[in-house]
Amino acid sequence: MLQLASGKAAASKELKAISRWQQMPVSGLRLDVSCRTQPGETLCVCGSDFALGNWDQSSALRLRTTPEDYPVWSANVALPAAGSEFKFFTSKPQQSVEEGEESSGPSMTWEPLGWNRTWPINGLRGGCLVEATYGESGIKVTTLGGNINSGPESS
């Protein structure tokens, strides 16, 4: 019985991997970021490339998650320029304001890294998967031909 259960777990993991590849964009990339958020928060990515908002948080790309995928947040992204910088942040919607108080707008918190991340300088091809963990250095790039890992010095 234990073997059957582990077989089901392996099959479920394989189906999830197939599903991720079916969701891959043809011309851009899929970004998957592991991030534990508080209720009401959204994970966003902002950067120097136009596709990432040109460092304007109001134009940042908002990632999405589902109860089944959480804590992984995802988005399909147009290919950013090789070597362009980016960073993740969490955003909370604006809180209701009492009469007479000033609105401070939505609150946001940059990920706790002392530097910006960088897209691989050798560029990325359409249809790849980029994986990261909020607040941790490095990214993992998976293409149909295999993995490309970017360590702390290039992320």
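In this text the structure is predicted, and so the values were computed from the model without any measurement.

A.B. asks: Kindly report on the overall build of the protein chain, identifying the contributing residues and their values.
C.D. replies: Within the protein chain, the regular secondary structure consists of one helix and 10 strands. Each helix (α) and strand (β) of the protein chain, taken in turn from the N terminus, gives the series α-β-β-β-β-β-β-β-β-β-β. Residues counted as buried form 36% of the 155 residues belonging to the protein chain. When the accessible surface of the protein chain is summed, it comes to about 9500 Å², and 53% of that surface belongs to carbon and sulfur atoms.

A.B. asks: Can you lay out the nonpolar core for me, pointing to particular residues and giving the numbers?
C.D. replies: Membership of the largest hydrophobic core comes to 21 residues, with the highest contact counts inside it found for Leu29, Leu31, Leu43, Leu63, Phe88, Trp119 and Val130. Of all the secondary-structure elements, those providing two or more residues to this core are β1 (29-34), β2 (42-47), β4 (72-77), β5 (85-92), β8 (128-133) and β9 (139-143). Leave out the neighbours within four places in its chain, and Leu31 touches Val45, Leu63, Trp73, Ser74, Ala75, Val77, Phe88, Trp119 and Val130.

A.B. asks: Which residues make up the environment of Thr118, and what values go with them?
C.D. replies: When you line up the elements, Thr118 lands in strand β7 (residues 117-118). You can call Thr118 buried: its relative accessible area is 19%. In sequence terms Thr118 and Phe86 are 32 residues apart; their C-alpha atoms lie 6.1 Å from each other.

Definitions and cut-offs
Residues numbered from 1 in each chain as written. Predicted model: local features only at pLDDT ≥ 70, side-chain atom pairs only at ≥ 80, totals over all residues. Heavy atoms only, no water. Helix = DSSP H or I, 4+ residues; strand = E, 2+ residues; numbered from the N terminus. Buried < 20%, exposed > 50% of the residue type's maximum accessible area, 1.4 Å probe, protein only. Areas by Shrake-Rupley, 256 points an atom, 1.4 Å probe, with all protein chains shown as cover. Core = buried A, V, L, I, M, F, W, Y, C linked by side-chain atoms within 4.5 Å. Contact = heavy atoms within 4.5 Å.

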